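Structural overview for review
Next come the chains, spelled out residue by residue.
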Amino acid sequence: MEKTWLQIVFVWFSVCFLVKSSLIAADDINRLNIWPMPKSVSYGHQHLYFSNDFELKTEGSKYADASGILKDAFTRTVDTIKLDHVIEANVSHYHPSLVLKGIHVVIFSPSDALQHGIDESYKLNIPANGNSIYARIEAQTVYGALHGLQTFSQVCYFNLTSRGIVVHQVPWIIIDEPRFSYRGLLIDTSRHYQTLPTIKKVIDSMAYAKLNVLHWHIVDSQSFPLEIPSYPKLWEGAYSISERYTFDDAAEVVSYAQRRGINVLAEIDVPGHALSWGVGYPVLWPSPTCKEPLDVSNEFTFKLIDGILSDFSKIFKYRFIHLGGDEVDTSCWLLTPHVRNWLKKNNLNGSEAYQYFVLRAQKIALSHGYEIINWEETFNNFGSKLSRKTVVHNWLGSGVAQRVVEAGLRCIVSNQDKWYLDHLDALWPGFYMNEPLTNITDPKQQALVLGGEVCMWGEHVDGSDIEQTIWPRAAAAAERLWTPYNKISKDPGQVVRRLAHFRCLLNQRGVAAAPLAGPGRVAPQEPGSCYKQ
């Protein structure tokens, strides 16, 4: 019965989508096609042509770009606009008032430190006339400027007639900033290993949609692929010798993401979801036949967690660490004699031992300078005991964020019925309409909702299908998290043309984003234009 209902909904939505998208013309560049929608936009109806010597200017900026973040971003921006086309146009004979000579970027902060809550705002101005025309981006930080470059890339296109790059709809004046400071995407490298090139492609695509946190669910029950220098036997829990990440690999992921304005949130999920830890260190298992949660009675368990977080602190510089804490079944502790004796000695039952473990892991994380994110079960079971530096990660149900902020704690929203990408029957309109501040009206409580995250759990995802499972549904959530609430459409049908355009833009940039007309990972239904799928 449920399957039949889903099929009916899918067919209905597909028909509606195709009717709406039939109005789209692939060469229609005279509409506003920016995703996510900026805070404030004005535009005109004129065109400019890229100079053959299109350049980056930074005069007047306090930012010296010693690490080359801005220069590299400028080069990537031009490359993504070109889409590997050969530029043949010679605009030297054009009147100067038709030629865009480059981009002038002014950044007011000298620092390129990336951290939660930095200023990501920018202003983009592209004038329509003058004798020496430059687009201008102003930003408080280099990361705001990167967002400005992403937006700039969406108002340019390669003109197949002139064989050059055209900026359409000038003059542009865009004033923009994100609605939420945390705009995340989770990837899971335990259920299926993801190669470094695949992870980097995901990071690139996140930047296109202005997502800014890669939540790296590195390890789980199935495998432990990451090298931990302090405890080198841990990665014996990997699937194979080749399906592993060195510590330097992890540092490279962090650096690669940082240069694109993306923080990396590392997660070790304790005390459950940790069976793989005991492959290298069997003493972590309560017994050879009862292997998780981690042994709460063994001091070595907490010594090892301390070692992992000590190593993490050398490369994972994001303010937060994710300690999991979800789906903990304490029956293994109760069934294991030495753990049961320890519980009795300490006058603890199973649920109290679960609380003890989570709170002790929190103290270890705090000692390494981290603030903590835990899945919502910790709040549901003993919320008043959590460190006040805890961020509660909602995933199970509705109303949790409201209760969390009423208790004075911070929250991240990832409710599974709307923002879990592995739920292939979750359609993009649901991603778009999921509001993190539902029933939260007090401004002080609203400020405690850091943002939200879409979750790409890896049970049925590997390098062959991760991109088309993430996109374009993640983009629908990205606009919800970026764009001011009063700019968000109350009807997903009103944004379908613009999202379809962005999905095609992702395809053009080498991202395997699936068609909109269907659930996650659907194939095109029939021959036709990208813009009509």
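Look above for the structure.
Described below are features of the structure shown in this document. Note that the coordinates shown come from a computational prediction; the quantities given were computed from them, not determined experimentally.

Digging into the overall build of the protein
In terms of regular secondary structure, the protein is built from 18 helices and 16 strands. Computed over the C-alpha atoms, the radius of gyration of the protein is 25 Å, within 12% of the 24 Å expected from 2.2 N^0.38 for a compact globule of 533 residues. Across its three principal directions, the C-alpha atoms of the protein cover 85 × 60 × 50 Å. When contacts within the protein are restricted to residue pairs at least 6 apart in sequence, long-range pairs at least 24 apart make up 75% of them. Only carbon and sulfur atoms are counted for the fraction: they give 53% of the accessible area of the protein, which is about 21500 Å². Averaging the positions of the 50 positive and the 54 negative side-chain charges in the protein gives two centres separated by 4 Å.

Section: the pairing of strand β2 (residues 46-57)
Where β2 and strand β7 (residues 164-170) come together, three bridges link them in antiparallel fashion. Residue Q46 lies in a different strand from β7, and its bridge partner there is V170. What joins β2 to strand β3 (residues 99-107) is helix α2 (residues 69-82), and the crossover it makes is left-handed.

Structural notes on the packing of α2 against helix α3 (residues 142-154)
Close contact between α2 and α3 brings their axes to 10 Å; oriented N to C, the two are set at 10°. By the angle between their axes, α2 is roughly parallel relative to α3. Here I69, L70, A73, F74, T77, T80 and I81 of α2 come into contact with α3, specifically with V142, Y143, A145, L146, L149, F152 and S153. For the contact of α2 with α3, a count of residues per class yields 11 nonpolar, three polar and no charged.

Let's talk about the pattern of salt bridges
All told, the structure shown has 19 salt bridges when counted by the stated rule. Here R480 makes a salt bridge to E435, at a shortest N to O gap of 2.7 Å. Of the two residues, R480 is situated in helix α17 (residues 473-482) and E435 in the loop between α14 (428-433) and α15 (443-446); the sequence distance between them amounts to 45 residues. Each member of the pair, R480 together with E435, is buried. Taking the shortest distance from any N to any O, the salt bridge between R498 and E479 comes out at 2.7 Å.

Brief notes about helix α5 (residues 247-258)
With 12 residues, α5 should reach 16 Å at 1.5 Å per residue; the first-to-last C-alpha distance of 17 Å fits that figure. When α5 is considered as a whole, its buried residues turn out to be F247, D249, A250, V253, V254, Y256 and A257.

Quick look at the nonpolar core
Grouped together as the largest cluster of nonpolar side chains are 109 residues, with contacts concentrated most on W216, W277, F312, F316 and W471. Top contributing element to this core by residue count: helix α10 (residues 350-367), with eight residues. Here W471 is in contact with S205, M206, A209, L211, L506, V511, A513 and A514, once residues within four sequence places are set aside. Grouped together as the second largest cluster of nonpolar side chains are 40 residues, F74, A139, V142 and Y143 included.

Cut-offs used in this document
Residues numbered from 1 in each chain as written. Predicted model: local features only at pLDDT ≥ 70, side-chain atom pairs only at ≥ 80, totals over all residues. Heavy atoms only, no water. Helix = DSSP H or I, 4+ residues; strand = E, 2+ residues; numbered from the N terminus. Rg over C-alpha atoms; globule rule 2.2 N^0.38 Å. Contact = heavy atoms within 4.5 Å. Areas by Shrake-Rupley, 256 points an atom, 1.4 Å probe, with all protein chains shown as cover. Lys, Arg positive; Asp, Glu negative; His and termini not counted. Charge placed at Lys NZ, Arg CZ, Asp CG, Glu CD. Pairing = 2+ DSSP bridges. Right-handed = clockwise from strand over helix to strand, strands pointing away. Axes fitted to C-alpha atoms, helices over the stretch in contact; angles between N-to-C directions. Parallel < 35°, antiparallel > 145°, perpendicular 65-115°, else oblique. Nonpolar A, V, L, I, M, F, W, Y, C, P; charged D, E, K, R; others polar. Salt bridge = Lys/Arg side-chain N within 4 Å of Asp/Glu carboxyl O. Buried < 20%, exposed > 50% of the residue type's maximum accessible area, 1.4 Å probe, protein only. Expected span 1.5 Å × (residues − 1). Core = buried A, V, L, I, M, F, W, Y, C linked by side-chain atoms within 4.5 Å.

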